[in-house]
Amino acid sequence: MKINKIRRTLYCFARILGDINAVKKGRVGKRVGKRVAGRATGKMLRKLFK
């Protein structure tokens, strides 16, 4: 098994745990907002440094 596959699996697992934690604490909207903002920032930076 390659290190990239292990890394991807661990990050996916951490994201799922974060979602579960947000549901337990009642902060789903906040988490979704941060995720959307992060993706938008990533797209802008990708265009900037392309």
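Before reading further, recall that the structure is shown in the block above.
Residues numbered from 1 in each chain as written. Predicted model: local features only at pLDDT ≥ 70, side-chain atom pairs only at ≥ 80, totals over all residues. Heavy atoms only, no water.

Engineer: Mind laying out the packing of helix H1 (residues 3-25) against helix H2 (residues 28-48), listing which residues take part and the relevant values?
Structural biologist: The axes of two packed helices give the description: the angle between them and the distance between them. Where H1 meets H2, the closest approach of the two axes is 8 Å, and the angle between their N-to-C directions is 145 degrees. Across the interface between the two elements, Arg-15, Gly-18, Asp-19, Ala-22 and Val-23 from H1 touch Val-28, Arg-31 and Arg-35 from H2. Its residues placed into classes, the contact of H1 with H2 shows three nonpolar, one polar and four charged. (Axes fitted to C-alpha atoms, helices over the stretch in contact; angles between N-to-C directions. Helix = DSSP H or I, 4+ residues; strand = E, 2+ residues; numbered from the N terminus. Contact = heavy atoms within 4.5 Å. Nonpolar A, V, L, I, M, F, W, Y, C, P; charged D, E, K, R; others polar.)

Engineer: Got a sec to walk through H1? Specific residues and values, please.
Structural biologist: Given a rise of 1.5 Å per residue, 23 residues ought to cover 33 Å, and the 33 Å separating the end C-alpha atoms of H1 matches this to within 8%. Downstream of H1 by a residue or two, Gly-26 has a phi angle that is positive, lying close to 75 degrees. (Expected span 1.5 Å × (residues − 1).)

Keep in mind these numbers describe shape, not what the thing actually does.
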